Amino acid sequence: MKAAILVLYLPSVISFVLTTPVLRVEKPRQVSDNYGVVIAEDPSTSGVQQSRRAFFETGSIIAAFVLGSGSQPANAIEQKIYSSNARNMARLNSGDSSGGSIYDNNPTLPKARARRAMVGCKNSSARSLAGEIVGNKKMSEKECNMIVMSGEADFMLGALVELDCPTCPYGIGSR
């Protein structure tokens, strides 16, 4: 690849060297405006210098292409996370909305079972699934809470186990 580009670039270098006249140091021409004020012409606008400038601009672009064509892009280094806030932001950016918590949808203690079932009563998808289990399709949050407070939490915990989603808010997925 580099050799092919150099083969293409070499004839333009040779033709430039052969066709460019030798640069002579000249005094800038003096030009007068309509009022007799002498204006010195800038020698950098001569044809030789313009062609050399164009040659070096195109040559630098081609050299950058030739030298950079074989290099590989830099690999991203996994960043170290030093604070809990940055850890939470990284977790949220990866799509985990659980708040970093691990939810147990089938706790062993009776009070823990009631607490988890009450959380499930606040979620509409968990309520609708639990309502299908009980036989009440349109269960309200109040009805659900009354059933759980009467000591029956297994219907809601069964729905929560079915909707288990570790990366969802409150560990409850939607259906």
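Whatever comes next refers back to the structure up there.
## Brief notes about the side chain of Arg91
Among the secondary structure elements, Arg91 is positioned in helix α3 (residues 84-93). Nearest to the buried, unbridged Arg91 among oppositely charged side chains is Asp96, at 4.4 Å. Leaving out residues up to four positions away in the same chain, Arg91 has contacts with Asp96, Ser97, Ser98, Gly99 and Gly100.

## Some details on the state of the cysteines
According to the stated counting rule, one finds 2 disulfides in the structure shown. In this model, Cys121 is linked to Cys144 through a disulfide, with the two sulfur atoms separated by 1.9 Å. Its torsion about the S-S bond being -65°, the disulfide of Cys121 and Cys144 is classed as left-handed. Within this pair, whereas Cys121 is found in helix α4 (residues 110-121), its partner Cys144 is found in helix α6 (residues 141-149), the two being separated by 23 residues in sequence. For Cys121, a relative accessible area of 0% gives the class buried. We classify Cys144 as buried; its relative accessible area is 0%. The disulfide partner of Cys165 is Cys168, and the gap between their sulfur atoms is 2.1 Å.

## As for the nonpolar core
The nonpolar side chains of a soluble globular protein tend to be buried, and buried together. Of all hydrophobic cores here, the largest spans 16 residues; its most connected members are Ala126, Cys144, Phe155, Met156 and Leu160. Per element, the largest residue contribution to this core is 5 residues, and it comes from helix α7 (residues 154-162). Among residues more than four places away in sequence, those in contact with Met156 are Ala117, Gly120, Cys121, Ala126, Arg127, Ala130 and Cys144.

## Digging into the pattern of salt bridges
Pairs can form between side chains of opposite charge whenever their charged atoms are close. In this structure the tally under the stated criterion is 1 salt bridge. We note a salt bridge from Arg113 to Asp154, for which the minimum N-O separation is 2.4 Å. Taken together, the residues span a long stretch of sequence, with Arg113 in helix α4 and Asp154 in helix α7 at a distance of 41 residues. The partly exposed category is assigned to Asp154, whose relative accessible area is 44%.

Conventions we followed
- Residues numbered from 1 in each chain as written.
- Predicted model: local features only at pLDDT ≥ 70, side-chain atom pairs only at ≥ 80, totals over all residues.
- Heavy atoms only, no water.
- Helix = DSSP H or I, 4+ residues; strand = E, 2+ residues; numbered from the N terminus.
- Buried < 20%, exposed > 50% of the residue type's maximum accessible area, 1.4 Å probe, protein only.
- Lys, Arg positive; Asp, Glu negative; His and termini not counted.
- Salt bridge = Lys/Arg side-chain N within 4 Å of Asp/Glu carboxyl O.
- Contact = heavy atoms within 4.5 Å.
- Disulfide = S-S within 2.5 Å.
- Core = buried A, V, L, I, M, F, W, Y, C linked by side-chain atoms within 4.5 Å.

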